[in-house]
2 protein chains.
Amino acid sequence: MTSPQRRSNCPLAFALDLFGDRWSLLVLRDLVFAGKRRFSEFAASPEGIATNVLSDRLRRLEEAGLLRREPDPEDGRKVLYSLTETGFGLTPALCELVLWGLDQQPPGTPGPPAQLVEALRKDRDGAIAALRRKHFG
Amino acid sequence: MTSPQRRSNCPLAFALDLFGDRWSLLVLRDLVFAGKRRFSEFAASPEGIATNVLSDRLRRLEEAGLLRREPDPEDGRKVLYSLTETGFGLTPALCELVLWGLDQQPPGTPGPPAQLVEALRKDRDGAIAALRRKHFG
DNA sequence: TGGATCGATTGCGAAGCGCAAGTGAAAAGT
DNA sequence: ACTTTTCACTTGCGCTTCGCAATCGATCCA
């Protein structure tokens, strides 16, 4: 098993090879911001990812080391997904993308919890540190 | 002509609908960091984008208002692409993705100019301000 | 006028997508 | 014990997008 070849030595191209599609970062979002941990929770997000695509993305992200997959010790049917430190490292990028997206829509448009948006805007690094604590204590 | 429907009211999903693929952000990268302005320059990047895909991405990014397209006044064959303020607004996100990508590879791996990387690491906002000046005076 | 350049478009096979239905293992219900 | 439900996928299918090579029309240059 040889790791797939890189398109170039650009770190951005490397990143896009791992999650440059319309779904991967939404799964990361659900993990980072919403604290979701299970297949059915990701599937229930309003964007409506197809289950075959979700299954594929979870596998790829696990292979890439961005998340961890483990059986739920209390229920043999369930699987728990969680962020790795590497995966959480994308949080600053996610935040910038969210802030950019917010700036593109007229104020008042429904979106993420106002409290989170507020925190991100006035103290980005503090908000990220708070998220880190939530995930890693 | 009605604008395509959004998958959700999430600003990240909105962003990914515009450039959530393996190529769009590389075109933005070439504009923001390399100062490329012409079709053939984008096509010459080491990742080797196919010309039909490049043509499509330039069209989409222009439609989305991230870049501008104008004929070269000095050569009727040529077209000049340039960043809009909206497109440049993605620079912080690009930088975070680049920094993340850099952290995933062993030090010493070839990549972007060391001077840019240095500047991004120790004064991200200053580096972005310098890029802004380069594009908008 | 003939050839080169530029920014595309076209054609084609392969890969990936969205959607709906189905599967197997494990838990819950009776 | 046995049936039903839940859960995390997997499968099948038609459609879209992809990568790749060839080609195109318009424009510039000799």
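Heads up: the structure comes first, above all this text.
Residues numbered from 1 in each chain as written. Chains lettered and ligands numbered in written order. Predicted model: local features only at pLDDT ≥ 70, side-chain atom pairs only at ≥ 80, totals over all residues. Heavy atoms only, no water.

Student: Give a detailed account of the protein's contact with DNA strand C, specifying residues and quantitative values.
Tutor: Looking at DNA strand C, there are 22 residues lining it, with Asn52, Arg57 and Gly76 of chain A together with Arg59 and Tyr81 of chain B nearest. In DNA strand C, the atoms that sit within 4 Å of the protein are 72% sugar and phosphate, with bases accounting for the remainder. Within the side chain of Ser55 of chain B, one N or O atom sits 2.8 Å away from a phosphate oxygen of DNA strand C. In this structure, Arg69 of chain B approaches DNA strand C through a side-chain N or O atom, which is 2.8 Å from a phosphate oxygen. Those elements that provide at least two residues to the surface near DNA strand C are helix H4 (51–63) of chain A together with helix H3 (39–43), helix H4 (51–63) and strand S2 (79–83) of chain B. Here the surface near DNA strand C is composed, by residue class, of six nonpolar, seven polar and nine charged. (Near = heavy atom within 4 Å. Polar contact = N/O pair within 3.5 Å; in protein donor to acceptor, adjacent residues only side chain to side chain. Helix = DSSP H or I, 4+ residues; strand = E, 2+ residues; numbered from the N terminus. Nonpolar A, V, L, I, M, F, W, Y, C, P; charged D, E, K, R; others polar.)

Student: How would you sum up the relation of the copies chain A and chain B? Please name residues and give values.
Tutor: Rotating chain A by 180 degrees and moving it 0.0 Å along the rotation axis overlays it on chain B with an RMSD of 0.0 Å. Overall, the copies show the geometry of a two-fold rotation axis. The C-alpha atom lying nearest the rotation axis in chain A is that of Asp21 of chain A; the distance is 2.1 Å. Most of the interface of chain A is mirrored in chain B, where 100% of its interface residues are also at the interface. (Least-squares fit on C-alpha atoms with pLDDT ≥ 70 in both. Contact = heavy atoms within 4.5 Å.)

Student: Go over the environment of Gly89 of chain A with me, naming the residues and quoting the values.
Tutor: By secondary structure assignment, the location of Gly89 of chain A is in the loop between helix H5 (85–88) and helix H6 (91–103). For the pair Gly89 of chain A and Leu66 of chain A, spaced 23 residues apart in sequence, the C-alpha to C-alpha distance is 8.8 Å.

Student: An account of the pattern of salt bridges is needed here, citing residue identities and associated values.
Tutor: Tallied over the full model, the rule gives 34 salt bridges over all chains. Asp75 of chain B serves as the salt-bridge partner of Arg77 of chain B, at 3.0 Å between the closest nitrogen and oxygen. Asp75 of chain B gets classed as buried once you look at its relative accessible area, which sits at 16%. Two residues, Arg121 of chain B and Asp103 of chain B, come together in a salt bridge whose shortest N-O distance is 3.3 Å. Of this pair, Arg121 of chain B sits in helix H7 (residues 114–122) while Asp103 of chain B sits in helix H6 (residues 91–104); the two residues are 18 residues apart in sequence, bridging distant segments of the chain. Given the relative accessible area of 52%, Asp103 of chain B is considered exposed. The structure contains a network of salt bridges with shared partners spanning Glu96, Arg124 and Asp125 of chain A together with Glu96, Arg124 and Asp125 of chain B. (Salt bridge = Lys/Arg side-chain N within 4 Å of Asp/Glu carboxyl O. Buried < 20%, exposed > 50% of the residue type's maximum accessible area, 1.4 Å probe, protein only.)

Student: Lay out the pairing of S2 of chain B with the relevant residues and their values.
Tutor: Residue and element names in this part refer to chain B. In terms of burial, S2 is largely enclosed, as four of its five residues are buried. In this sheet, S2 lies alongside strand S1 (residues 67–71) in antiparallel orientation, the contact comprising five bridges. The residue bridging Arg68 from the neighbouring strand is Ser82, located in S2. (Pairing = 2+ DSSP bridges.)

Student: Now, about the interface of chain A and chain B: what can you tell me, with residues and values included?
Tutor: Think of interface size as the accessible area that goes away when the parts come together; that is how it is often given. Taken together, the contacts link 42 residues of chain A with 42 residues of chain B. Carbon and sulfur atoms make up 69% of the area that chain A and chain B hide from each other, which totals about 3600 Å². Counting the surface chain A buries against chain B, the share from its top three residues, Arg7, Leu12 and Trp100 of chain A, is 21%. For the pair chain A and chain B, the interface holds four salt bridges. A salt bridge links Arg124 of chain A to Glu96 of chain B, with the shortest nitrogen-to-oxygen separation between them at 3.1 Å. Linking chain A with chain B are 13 residue pairs in polar contact (both at pLDDT 80 or more), by the criterion used here. Looking at the side of chain A that touches chain B, the elements that each hand over two or more residues are helix H1 (11–19), helix H2 (24–32) and H6 of chain A. (Buried area = accessible area lost by both parts, 1.4 Å probe.)

Student: Report on the packing of H2 of chain A against H6 of chain A, specifying residues and quantitative values.
Tutor: Residue and element names in this part refer to chain A. For the pair H2 and H6, the least separation of the axes is 11 Å and the interaxial angle reads 105 degrees. Comparing the axis directions of H2 and H6 gives the class roughly perpendicular. In this structure, H2 contributes Leu25, Leu28, Arg29 and Val32 to the contact, and H6 contributes Thr91, Leu94 and Leu97. Classifying every residue of the contact of H2 with H6 gives five nonpolar, one polar and one charged. (Axes fitted to C-alpha atoms, helices over the stretch in contact; angles between N-to-C directions. Parallel < 35°, antiparallel > 145°, perpendicular 65-115°, else oblique.)

Student: How would you summarise the protein's contact with DNA strand D if you had to cite specific residues and measurements?
Tutor: The immediate surroundings of DNA strand D are formed by 22 residues, with Thr51 and Tyr81 of chain A together with Asn52, Arg57 and Gly76 of chain B found nearest. Taken together, the sugar and phosphate atoms account for 65% of what DNA strand D places within 4 Å of the protein. Contact between DNA strand D and Asn52 of chain B: a base nitrogen at 2.7 Å from a side-chain N or O atom of the residue. Side-chain polar atom of Arg57 of chain B to a phosphate oxygen of DNA strand D: 2.3 Å apart, as the coordinates give it. Those elements that place two or more of their residues in the surface near DNA strand D are helix H3 (39–43), H4 and strand S2 (79–83) of chain A together with H4 of chain B. Counted by class, the surface near DNA strand D contains six nonpolar, seven polar and nine charged residues.

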